[in-house]
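A look at the structure
Listed below are the residues making up each chain.
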Amino acid sequence: MAGAGLRAAARRWLLCGDHGGPRASSFAPSCPGCGPPGPSAPYPGTPRSAPSPAPAGGADPGAHLWARYQDMRKLVHDLLPPEVCSLLNPAAIYANNEISLRDVEIYGFDYDYTLAQYADALHPEIFNAARDILVEHYKYPEGIRKYDYNPSFAIRGLHYDIQKSLLMKIDAFHYVQLGTAYRGLQPVPDEEVIDLYGGTQHIPLYQMSGFYGKGPSIKQFMDIFSLPEMALLSCVVDHFLGHGLEFDQAHLYKDVTDAIRDVHVKGLMYQWIERDMEKYILRGDETFAVLSRLVDHGKQLFLITNSPFSFVDKGMRHMVGPDWRQLFDVVIVQADKPSFFTDRRKPFRKLDEKGSLHWDRITRLEKGKIYRQGNLFDFLRLTEWRGPRVLYFGDHLYSDLADLMLRHGWRTGAIIPELEREIRIINTEQYMHSLTWQQALTGLLERMQTYQDAESQQVLAAWMKERQELRYITKALFNAQFGSIFRTFHNPTYFSRRLVRFSDLYMASLSCLLNYRVDFTFYPRRTPLQHEAPLWMDQLCTGCMKTPFLGDMAHIR
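One structure accompanies this document, and this report is about it. Treat the numbers as computed from the prediction; the structure is a model and nothing was measured.

Burial of strand β16 (residues 411–415) is extensive: five of the five residues sit out of reach of the surface. The two faces of β16 match: Arg 411, Gly 413 and Ile 415 on one face and Thr 412 and Ala 414 on the other face are all buried. Here strand β15 (residues 390–394) pairs with β16 via four bridges, running parallel. Counted as the bridge partner of Tyr 392 is Thr 412 from β16. Following the chain from β15 across helix α13 (residues 397–408) to the adjacent parallel β16, one finds a crossover that is right-handed. In this structure, β16 lies alongside strand β17 (residues 505–507), joined through three bridges in parallel fashion. By the bridge assignment, Ala 414 is partnered in β17 with Tyr 506.

With that settled, consider the pairing of strand β12 (residues 330–333). Residue alternation in β12 divides its side chains into two sets, Val 330 and Ile 332 and Val 331 and Val 333, and both sets are buried. Two strands pair when backbone bridges link them, and strand β11 (residues 300–304) and β12 are joined in this way by three bridges, in the parallel orientation. By the bridge assignment, Phe 302 is partnered in β12 with Val 330. Traced from β11 through helix α11 (residues 309–319) to β12, the parallel crossover comes out right-handed. Pairing of β12 with strand β14 (residues 370–373) involves three bridges; the strand directions are parallel. Bridge assignment links Val 331 to a residue of β14, and that residue is Ile 370.

This next bit is on the nonpolar core. Counting 143 residues, the largest nonpolar core has Phe 109, Tyr 111, Tyr 118, Phe 302, Met 316, Phe 328 and Phe 379 as its most contacted members. With nine residues, helix α6 (residues 226–242) is the largest single contributor of residues to this core. With residues up to four places along the chain from it excluded, the contact list for Tyr 111 reads Ala 116, Tyr 118, Leu 303, Thr 305, Ser 307, Phe 311, Val 312, Gly 315, Met 316 and Met 319. Ranked by size, the runner-up nonpolar core spans 20 residues in total, among them Met 72, Trp 437, Leu 460 and Leu 470.

About the cut-offs
- Along every chain, residues carry numbers that run from 1 in the direction the sequence is written.
- Given that the model is predicted, a residue must reach a pLDDT of at least 70 before its local features are reported, and side-chain atom pairs must reach 80 or more before they are shown or counted; all residues, however, enter totals for whole chains, interfaces and linings.
- Values reported for side chains reflect all heavy atoms of the structure, with hydrogen atoms and water molecules removed beforehand.
- Throughout this description, buried means an accessible area under 20% of the type-specific maximum (1.4 Å probe, protein chains only), exposed means over 50%, and partly exposed covers the range between.
- A run of H or I in DSSP counts as a helix once it spans at least four residues, and a run of E counts as a strand once it spans at least two, with each numbered from the N terminus.
- When DSSP finds at least two bridges between two strands, those strands are taken to pair.
- When the strands point away from the viewer, a crossover counts as right-handed if the route from the first strand across the helix to the second turns clockwise.
- The nonpolar core is taken to be a set of buried Ala, Val, Leu, Ile, Met, Phe, Trp, Tyr and Cys residues, with the residues joined through side-chain atoms within 4.5 Å.
- Whether two residues touch is decided by their heavy atoms; if any such pair falls within 4.5 Å, the residues are in contact.

Below, the structure is given as structure tokens:
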């Protein structure tokens, strides 16, 4: 009975995510019929062997280790339930911090990629326009025009070392994930990366990058608009290196970022979206449903965006209708975030219907009116909307959320469109089998490293190689170059660290709110700290402290 209870606990371990995997506040339907490959097919070079006890004197230690390996393969096979597929719901809201919507009286929103979700078709337009600006206005080589936008190259959250022309993925502990450093479009060997940083994978971000990810020598690309910027930057570097052209890394970086900025400043992106809103704006009807539902339940709404009024007005008319401003108690455009949250000097100015500025002093913020710039300190003084009564949603962890959570105590919600695709990958049979076996194999490696004879060391080396191959397979499921935006091989990414720090909730789109009552309470899953979960999954399954595996390590005490 005890063994059955422990196996049930292990099954819950798989289903509930208490192993440090993704956490969900709701479940999707199960996927019947999914099942892992049979345990009888070992990996290449693996002998078929029946389970056996620990080797007695004179027994073959290599055979013993392979027997443990086969036992583990069978154990993982037997424990993976059919419902493990489609376990997570892409439309769920995920909680980093406990929050009850019953206590939230005021809802605030960013516009771009929050109220208005944009199609990926916008990215090649930004890339092409900035590429042509480089050639025509910055006099870059014509050969750059041969490059097209590759949507599969980069992911959000990457860091760029300006002086080294290095695009890379960094984990929560400031270490580069080896195999994810690129110069131009070519991977940089791990040995070279380590050599570039003085014999270590560690990047001293506190010396090289600022709070908002914009340091003197390293920048973090945090918003979705940065995807075409990273692609263009990599293509231009690739062209210069491929043709043996000398260049100053800092100048090239600045020119590319200025070209991308010009696309926004000159209003090109606004023009594309306004010409074909059906093509570029997604889920407009769902945005209308979210806003209407909140107003119907007596909530107050406000909008703070960096976009100009004419652009926001056309988009909101498309999604919500001509009376969209009646849903909002306060509307602020061209706010200049993140300085809006920290700089007290810029006053609010009122805009008329034609976008002309008024010169009168603002003593109150009126419903139905439009305001430009301003600052959060005047906003708090005029509205008295303070503390956890306010929940603000945005897509940029730094520009939208960081200051509000750290300095002002607002509750925050991060919109992460990539979450939907990543969860669908996590729900696949291939991912779940790969990850579960990888974890079990890691547990074997940790315990069996006590075998120091030559034959055992060869076995352990084979396991280590297999583990590394599994890690690369799992990484490539998300993105061939950089993997998941949320994890390195094992650790959370630097992006994930910021997401947890600056958001109470996160979700793929604002429409996820429609799946919950307006008084719903979100509870974060209690994921164990390392000292709270000392056992690997297989130890839990096979009898906890009674497992013979623990006996193998008893002498370490």
